[in-house]
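# Tertiary structure, described
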Amino acid sequence: MYKDYNKPIDERVEDLLNKMTLEEKISQMIYSSKAIERLDVPAYNWWNEALHGIGRAGIATVFPQAIGIGASFDQEMVFQVASVISDEARAKYHEFIRKNDRTIFKGLTFWSPNINIFRDPRWGRGQETYGEDPHLTGRLGAAFIKGMQGDDPKYLKTAACAKHYAVHSGPEMLRHQFNAKVSLKDLRETYLPAFKDAVKEGKVEAVMGAYNSVNGEPACASKMLLEDILRKEWKFEGHVVSDCGAIQDIYEYHKFVETAEEAAAIAVKRGCDLNCGRTYESLKKAVEKGLITEEEINTAVRRLLKTRFKLGMFDPDEEVKYASIPFEKNDCEEHRELALEMAHKTIVLLKNEDNLLPLDKDKIKTIAVIGPNADNIDVLLGNYNGTPSKYVTALEGIRNAVGEDVKVYYSQGCDLVSTRDNYWGTPATHGFSEAVSYAERSDVVIMCLGISPRIEGEEGAAYLNTDYKGDRPNLDLPGMQEQLLKEIHKTGKPIILALFNGSPITINWAQENIPAIVECWYPGEEGGTALADVIFGKYNPAGRLPITFVKSVDQLPPFTDYSMKGRTYRYMQEEPLYPFGYGLSYSNFEYSGLKLDPQVVDIEELKEVEVKITVKNISNIAGEEVVQLYIKDIKSSVKVPKYELKGFKRIYLEPQESKSIEFTITPRQLSLINEEGRCVLEPGEFKIYVGGQQPDERSKILTGKEVLSVVLNVKGEKVLEVEY
């Protein structure tokens, strides 16, 4: 009966489950699930990646890294990108199946997106996230999940997975044994909202548990996280998978239990259904020892089978509309164009003194492109990436843009990280003289500096940074890069600094001395084209920083401190180098007419508050603006953020064009999380800010622009509990 696709999925799952032996059930709870030939259940590998394109499965469209996607502040574009990624996923999967290839990274269950909060810029995996803000992360995460999972009422296009649940953001060196101590207030105010959005709005099919413990419980065996919040409070019905090796960590490093059987049993009983690892092979012994029952195992297998049925894996291709996506859809020209469009939207213009940018190609005869990231494919791809069939580095993009009429010199200048003489005695400054000579002969210099996935990333992946397992002990430009920049600056030639990185860099000297700075992140296969389009004015940049750029690590709390005190724009008191939400444009925008409806309301009558504002492009250049809404609780009974992002819209305006923008503020967005972790709405005053940036002094200094504000008065005597 389980093969009858006309039957309800729950009935089919139950029928197949009842036909399986205990050993067969356990075999389905390990990521590399074995075939059950007597029941026509094919082997399946659950481990697949799609962070910014199909990863580790051959040729695929490579979009900008997730942190760059965060900088787009564009939910609609994120949905489009995820829809294309899932198109390629289906195209690849069905072609692989036709070739009887069921190996790792070639399935339909994707362990993306990473919606952890980038709370500390030293974390090597922060590049995989959408940044430091819970609201931005939640909005973009939900959009990505919807694009991945499709809109068919019966079948999932792919199964997305929200990771790493929860309170996970380094240090990488300690991740297998670290216990993240977090208050109930910070837990619900910062670390959980994006996961709730993924579950409640995104309807995500899977959640991945983190390596670390949270308040003394391993995340993959946490009663609070998995039972109380995920299953009971949020009513999550999908499956939970462990991070790879995390079940082994429960007994080997966390010492939460003593044996593999105990670790496997408690993880399954608490709600972790699938093991990326081999520890669940101990479940047979765990049953024999009375640590877990077969019925408890059935609960986990039931969830896993349901996901496979929802993906149509037991049904004829003609019944599953996504099975008809042709292999030729993968890496097609249409997807390459979208990769370029996404790369455009990720770029953040950090500085543009005297309007040096955009450059006029007709007035330039020679350009020097200098730096270790100028012709480096690594900095296009980030981590958890696929392989592009072709790619455009910064150097190639600039050459393509100017054509044969402009001479383009190129020099690496220095290595990415080296500061010492090499084995043969060659000094780290060996390339300086060539770079300076080319700069002297050029009308303008484009410096391509930064870091790379060889320096920042996951434990074991950043092979040039093994001492810190991919985290960064400081945020400075590595190697001799800043010295190179200073030498080129001495030539007196105008310099454009293009940064390639997945996390903030402390470029204090550059901010003071270099006239134009462009943040490129890891921009994907068309990154060089996107950078050139911005430099030469074919595209008007409008990206915004999804994370605060601090001036120094001295402004940060200890890396292992998970309290939000002093962290991110929401709690940081010191002046940053560049604020969250900041970014410049070649256009100028004017805000007017900020209104609330209602502006005064009784707390027991409050349902929604409508916010309206008019935005006008007052320049002669068409461009995009990211309209941002922040809320400040003026009279809260407990410590709350300075203000918080609660709405954003990316809009396009022709020269002199105006648009009326509307936001809706809900009671939940006006509520606070108290020390007991309860979500409550208090009477009081709330300042509503709307503008193209956050309402801080640093943004005002950098842009010279004000953010409009108005006070919302919520009257009453009661404090109301609001659904979290």
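Everything that follows concerns the structure shown earlier in this document.
For the structure given in this document, a descriptive report is provided here. It should be emphasised that the depicted structure is a prediction, and the values quoted were computed from it without experimental measurement.

## Remarks on the overall build of the protein chain
Each helix and strand counted, the protein chain has 22 helices and 25 strands in total. The C-alpha radius of gyration of the protein chain comes to 26 Å, within 12% of the 27 Å expected for a compact globule of 724 residues. Expressed as lengths along the three principal axes of its C-alpha atoms, the size of the protein chain is roughly 75 × 70 × 50 Å. Here the contacts in the protein chain between residues at least 6 apart in sequence split such that 78% fall between residues at least 24 apart. As displayed, the protein chain offers around 26,500 Å² of accessible surface, 47% of which is attributable to carbon and sulfur atoms. When the 90 positive and 110 negative side-chain charges of the protein chain are each reduced to one mean point, those points stand 2 Å apart.

## So, the sheet that holds strand E10 (residues 366-370)
The sheet built from six strands is open, its strands ordered E9-E14-E13-E12-E10-E11 with mixed pairing. Unpaired on one side and paired on the other, strand E9 (348-352) and strand E11 (407-411) mark the two borders of the sheet. On average, each strand axis in the sheet is tilted by 15 degrees relative to the strand beside it, whichever way the strands run. Helix-sheet contacts for helix H16 (residues 432-440) involve E10, E11 and strand E12 (444-450), and the interaxial angle to E11 is about 160 degrees.

## Describing helix H12 (residues 294-310)
In a regular helix each residue adds 1.5 Å, so 17 residues correspond to 24 Å; H12 covers 24 Å between its end C-alpha atoms and thus fits that length. Taken as a whole, H12 has its buried residues at Ile 297, Asn 298, Ala 300, Val 301, Leu 304, Leu 305, Thr 307, Arg 308 and Phe 309. Taken together, the buried residues of H12 touch helix H1 (9-19), helix H2 (22-27), strand E2 (44-45), strand E8 (239-242), helix H10 (260-270) and helix H11 (283-288). Positive phi shows up at Gly 312, right after H12, with a value of about 80 degrees.

## A closer look at unusual backbone geometry
Cis geometry is adopted by the peptide bond preceding Pro 113, which originates at Ser 112 and carries an omega value of 10 degrees. With respect to the secondary-structure elements, Pro 113 resides in the loop between helix H4 (75-98) and helix H5 (134-149). Residues Tyr 165 and Ala 166 are joined by a peptide bond in cis, for which omega reads 0 degrees. Along the polypeptide, Ala 166 turns up in the loop between strand E3 (161-165) and strand E4 (179-180). Not every positive phi belongs to a glycine, and Trp 521 is a case in point at roughly 60 degrees.

## Focus: the packing of aromatic side chains
Within the structure shown, the criterion is met by 21 aromatic pairs. An angle of 55 degrees between the planes, with centres 5.9 Å apart, marks the rings of Phe 73 and Phe 580 as tilted. Taken as a pair, Phe 73 in the loop between helix H3 (66-72) and H4 and Phe 580 in the loop between helix H20 (568-571) and strand E15 (589-597) lie far apart in primary sequence, 507 residues in all. Residues Phe 73 and Phe 580 agree in their burial class; the two are buried. Where Tyr 578 meets Tyr 582, the ring centres are 5.9 Å apart and the plane angle is 5 degrees; that geometry is what we call stacked. As far as the burial class goes, Tyr 578 and Tyr 582 line up, both buried. Clustering of aromatic rings is evident, with ring pairs tying together Phe 73, Tyr 569, Phe 580, Tyr 630, Tyr 643, Phe 648 and Tyr 689. Above the face of the Tyr 384 ring, Arg 56 is positioned so that its terminal group lies 4.3 Å from the ring centre. Looking at Lys 649, its charged tip hangs above the ring of Phe 663, at a distance of 5.2 Å from the centre.

So, how was this worked out
Residues numbered from 1 in each chain as written. Predicted model: local features only at pLDDT ≥ 70, side-chain atom pairs only at ≥ 80, totals over all residues. Heavy atoms only, no water. Helix = DSSP H or I, 4+ residues; strand = E, 2+ residues; numbered from the N terminus. Rg over C-alpha atoms; globule rule 2.2 N^0.38 Å. Contact = heavy atoms within 4.5 Å. Areas by Shrake-Rupley, 256 points an atom, 1.4 Å probe, with all protein chains shown as cover. Lys, Arg positive; Asp, Glu negative; His and termini not counted. Charge placed at Lys NZ, Arg CZ, Asp CG, Glu CD. Pairing = 2+ DSSP bridges. Axes fitted to C-alpha atoms, helices over the stretch in contact; angles between N-to-C directions. Expected span 1.5 Å × (residues − 1). Buried < 20%, exposed > 50% of the residue type's maximum accessible area, 1.4 Å probe, protein only. Phe/Tyr/Trp six-rings, centres within 6.5 Å; stacked < 30°, edge-to-face > 60°. Lys NZ or Arg CZ within 6 Å of the ring centre and 35° of its normal.

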